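Each chain, letter by letter, is given below.
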Amino acid sequence: MIIDAKNISWVRADHTVLKHVDWQVHKGEHWSLVGLNGSGKTTLLKMVNGYIWPTSGTLSVLNRPFGTCDLRELRKKIGWVSTALVDKFRADERPETIVLSGKFASIGLYDQVSSNEREKAHELLQKLGCASFAGRAFGLLSQGEKQRVLIARALMAEPELLILDEPCNGLDLFAREHLLALVAQLAASEDAPTMIFVTHHVDELLPCFDHTLLLKAGAVFQSGAASDVMTPETMSEFYDYRVSVQQQNGRLAVSLRA
Ligand SMILES: Nc1ncnc2c1ncn2[C@@H]1O[C@H](COP(=O)(O)OP(=O)(O)OP(=O)(O)O)[C@@H](O)[C@H]1O
């Protein structure tokens, strides 16, 4: 089991941020995590990564129950790509160095790397469509190019779980579609990690994200097979607003109804 959360809550002062969350992610599934601002997505993911601890309930990630496992070791098996990471790297760093640093989960490269590792970093840069700018300084790259480098970095550690945290933030239509095409390719590859795609925008969800968790005000609103969850009825209730949900080339389009 990739994630096994049973009845987890997270309470801060008088505020219950996560409320009795149950979430089971099995190997071979790819999940989308959908919620409006402040619904608790980041808090839940911080917990999955072992940065915060449930106030109550039990959590096991990659078959390692919290409380009995070494969280630093666990984190090496989880790739977390978010725009918050982008600012952590030096502007003059080369994409190759950034990708190699993924091997050591470090910001900056302080360890010796083997020629095999260097080769692997190159392969990943190729795979993520970064070859044409691999020699350019990171600070000069576009937002979309940076995101692709960071996905390659996350893959360098061969994670079992890859979290793509609002990866299309700040991307124009073309950069977004390019990134999504690469994610689809990654999902189709034999050695793909289990992926979690976090977004506010349902239209970004690729068909490979076959399961969905809807989070609302810190609680699971609904979860399960995407085709069961993403219905006009459920989504209207979720948003407290009448919406229509249409299929377009395997993707969903949600629009407000009058
Ligand atoms: N350390 C904390 N102490 C108290 N409240 C917190 C803490 N961290 C987060 N919260 C609150 O918990 C709620 C959920 O926050 P969270 O960042 O998890 O939401 P989110 O779904 O990721 O939002 P967004 O889409 O805007 O990133 C918010 O109301 C936030 O203010």
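Going by the structure above, here's the rest.
Scoring rules and cut-offs
Residues numbered from 1 in each chain as written. Predicted model: local features only at pLDDT ≥ 70, side-chain atom pairs only at ≥ 80, totals over all residues. Helix = DSSP H or I, 4+ residues; strand = E, 2+ residues; numbered from the N terminus. Rg over C-alpha atoms; globule rule 2.2 N^0.38 Å. Buried ≥ 20, exposed ≤ 12 C-beta atoms within 10 Å, placed from the backbone. Contact = placed C-beta atoms within 7 Å. Expected span 1.5 Å × (residues − 1). Arc of directions from axis to C-beta. Near = placed C-beta within 6 Å. Nonpolar A, V, L, I, M, F, W, Y, C, P; charged D, E, K, R; others polar. Core = buried A, V, L, I, M, F, W, Y, C linked by C-beta atoms within 7 Å. Pairing = 2+ DSSP bridges. Axes fitted to C-alpha atoms, helices over the stretch in contact; angles between N-to-C directions.

**Focus: the overall build of the protein**
A count of helical and extended segments in the protein gives nine helices and 12 strands. The C-alpha radius of gyration of the protein comes to 19 Å, within 12% of the 18 Å expected for a compact globule of 258 residues. The C-alpha extent of the protein, read off along each of the three principal axes, is 50 × 45 × 35 Å. Within the protein, the proportion of its 258 residues that are buried is 33%. The long-range share in the protein, meaning contacts at least 24 apart out of those at least 6 apart in sequence, stands at 64%.

**A few points about helix H7 (residues 173–188)**
In a regular helix each residue adds 1.5 Å, so 16 residues correspond to 22 Å; H7 covers 23 Å between its end C-alpha atoms and thus fits that length. Those residues of H7 lying buried are Leu179, Val183 and Leu186. Angular distribution of buried residues about the axis of H7 spans 60 degrees; they occupy a single face of the element. Every exposed residue of H7 that faces more than 90 degrees away from the buried side is listed here: Leu173, Phe174, Ala181 and Ala188. Looking at the buried side of H7, the elements it contacts are helix H6 (143–156) and strand S7 (161–165).

**A few points about the environment of Gly28**
Mapping Gly28 onto the fold places it in the loop between strand S2 (15–25) and strand S3 (31–34). Separated by 167 residues in sequence, Gly28 and Met195 place their C-alpha atoms 9.0 Å apart.

**Observations regarding the site of the ligand**
Taken together, the neighbourhood of the ligand is formed by Arg12, His15, Val17, Gly35, Asn37, Gly38, Ser39, Gly40, Lys41, Thr42 and Thr43. A total of three residues in the shell around the ligand trace back to one element, the largest contributor, which is helix H1 (residues 41–48). Taken together, the residues that form the shell around the ligand break down as one nonpolar, eight polar and two charged.

**Quick notes on the nonpolar core**
Ranked by internal contacts, the top residues of the largest apolar core, which has 59 residues, are Val99, Leu124, Ala152, Ile163, Leu164 and Ile196. Among the elements that take part in this core, H6 stands out by supplying seven residues, more than any other. For Val99, the residues in contact, after removing those within four places along its chain, are Ala121, Leu124, Leu125, Val149, Ala152, Arg153 and Met156.

**Observations regarding the environment of Glu96**
If you trace the backbone, Glu96 turns up in helix H4 (residues 95–101). Judged by the 20 C-beta atoms lying within 10 Å of it, Glu96 is buried. Those residues in contact with Glu96 that sit more than four places away from it in its chain are Ala121, Leu125 and Ala134.

**A word on the pairing of strand S9 (residues 211–216)**
For S9, the tally of buried residues reaches five of six residues, placing the bulk of the element in the interior. One ladder, built from six bridges, connects S9 with strand S10 (residues 219–225); its direction is antiparallel. Within the sheet, the bridge partner assigned to Leu214 lies in S10 and is Gln222. Counting the residues that bridge the hairpin from S9 to S10 gives two residues, and of these Ala217 lies at a positive phi of roughly 50 degrees.

**Topic: the sheet that holds S9**
If you walk across this open sheet you meet the six strands as S6-S7-S8-S3-S9-S10, and the pairing is mixed. Each edge of the open sheet is held by one strand with a lone partner, namely strand S6 (78–82) and S10. Between one strand and the next, the sheet's axes are offset by a mean angle of 15 degrees, whatever the strand orientation. Contacts from H6 reach S6 and S7 within the one sheet, and its direction differs from that of S6 by about 170 degrees.

**Examining the pairing of strand S11 (residues 243–248)**
Of all six residues that make up S11, zero are buried, and the element is exposed over most of its length. Relative to strand S12 (residues 251–256), S11 is paired through six bridges, and the arrangement is antiparallel. By the bridge assignment for S12, Gln247 is matched with Leu252. Counting the residues in the hairpin turn of S11 and S12 gives two residues, including Asn249, whose phi is positive at 50 degrees.

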